[in-house]
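Observations on the three-dimensional arrangement
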Amino acid sequence: MKTEFAALVAIDWADQEHVWMLAVPGSPKRESGQIKHTPESVDVWAAELRQRFGGQPVAVALEQSRGPLVFMLSKYEHLVIFPVHPTALANYRKSFRPSGAKDDPDDAGLLLDILELHRDKLRRLDPDTPETRTLQFLVEERRKLVGEKTRCTNRLRAHLKMYFPQVLGWFDEIGAPIVVEFLKRWPSLDKLQRARPATIEQFFIDRNSRSAERIAERLEQIRQAIPATTDAAVL
């Protein structure tokens with residue numbers, strides 16, 4: 001009976017060097033080794049597998065579905081990737097080691113066990129089109145940037161509450177560019193109150209915040225504002 005894959009490989013990936021373990025269907029022997037995390041090393045390793053097994057498909061299990069190693073391996077037609085969810089590996093590991101201690105060689109072996117015994121429950125990675133992958137990358141990066149902006153905005157809000165809380169009431173969106181420019185120009189209430197009202201008014205007009213009523217309200221609040229603290233360290 002012909003085997004679907006000429007060999008089964010599990011890779012426990014790391015930043016600098018990956019541990020791999022290989023099994024040939026029908027043979028009890030397992031081989032292991034390491035690959036440096038460089039395109040050149042991965043290319044040599046993949047070429048050796050192609051030559052050894054005559055270009056036949058080789059199943060590769062690893063604990064990620066995205067990332068540098070996945071992208072490196074995806075370009076080789078003879079390598080079929082089977083991502084294993086980290087939770088699945090962690091639970092499988094705990095069944096043998098209750099402490100859950102992680103060890104690279106053992107993890108490669110456990111991944112190979114999952115690939116050998118439970119491959120029917122794994123979903124092979126089918127490469128998307130370049131356009132789809134590009135869209136995925138853009139969406140992921142946008143999500144990260146939104147998260148970073150939220151974290152920075154929350155930090156800014158926390159600082160302003162300590163020494164300059166009035167700003168929070170003068171702007172609808174504390175993360176807006178106008179707020180950044182405002183704080184760069186007037187980083188404290190003291191400096192703001194020493195500015196000419198006409199200068200402050202022109203600041204808002206130049207940045208398309210032209211509501212005369214809103215500007216007048218801000219100017220009056222600035223005039224009446226009292227410092228939240230005079231602690232020089234906080235300021």
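Use the structure listed above.
Computed from a predicted model, the values in this text were never measured in an experiment.

Further remarks concern the overall build of the protein. Counting its regular elements, the protein contains 10 helices and five strands. Looking at the protein as a whole, 35% of its 235 residues are labelled buried. Partitioning the contacts of the protein with sequence separation of at least 6, the portion at a separation of at least 24 is 50%. A total accessible area of about 14800 Å² is found for the protein, and carbon and sulfur atoms account for 54% of it. One way to put it: in the protein the 35 positive side-chain charges average out to a point 4 Å from where the 33 negative ones average out.

Moving on to the environment of Q193. Along the chain, Q193 turns up in helix 8 (residues 189-193). Given the relative accessible area of 34%, Q193 is considered partly exposed. Residues Q193 and L89, 104 residues apart in the sequence, show an inter-C-alpha distance of 61 Å. If near-sequence neighbours (up to four positions away) are discounted, Q193 is found in contact with I222, R223 and A225. Separated by 2.8 Å, the side chain of Q193 and the backbone oxygen of I222 make a polar contact.

Of all seven residues that make up strand 2 (residues 17-23), six are buried, and the element is covered over most of its length. Relative to strand 2, strand 1 (residues 7-12) runs antiparallel, the two being bridged by five bridges. Pairing of V9 across the sheet is with L22, part of strand 2. From the end of strand 1 to the start of strand 2, which pair antiparallel, there are four residues. In the sheet, strand 2 pairs with strand 3 (residues 30-36) via seven bridges, with the strands oriented antiparallel. The residue of strand 3 that forms the bridge with V19 is Q34. Once strand 2 ends, the chain turns through six residues before running back antiparallel as strand 3, passing G26 with a positive phi of about 90°.

Let us look at the pairing of strand 5 (residues 79-83). The buried fraction of strand 5 amounts to five of the five residues, a majority that puts the element mostly inside the structure. Residue alternation in strand 5 divides its side chains into two sets, L79, I81 and P83 and V80 and F82, and both sets are buried. Pairing geometry for strand 4 (residues 58-62) and strand 5, over five bridges, is parallel. Across the sheet, L62 pairs through a bridge with P83, a residue of strand 5.

Calculation criteria
Residues numbered from 1 in each chain as written. Predicted model: local features only at pLDDT ≥ 70, side-chain atom pairs only at ≥ 80, totals over all residues. Heavy atoms only, no water. Helix = DSSP H or I, 4+ residues; strand = E, 2+ residues; numbered from the N terminus. Buried < 20%, exposed > 50% of the residue type's maximum accessible area, 1.4 Å probe, protein only. Contact = heavy atoms within 4.5 Å. Areas by Shrake-Rupley, 256 points an atom, 1.4 Å probe, with all protein chains shown as cover. Lys, Arg positive; Asp, Glu negative; His and termini not counted. Charge placed at Lys NZ, Arg CZ, Asp CG, Glu CD. Polar contact = N/O pair within 3.5 Å; in protein donor to acceptor, adjacent residues only side chain to side chain. Pairing = 2+ DSSP bridges.

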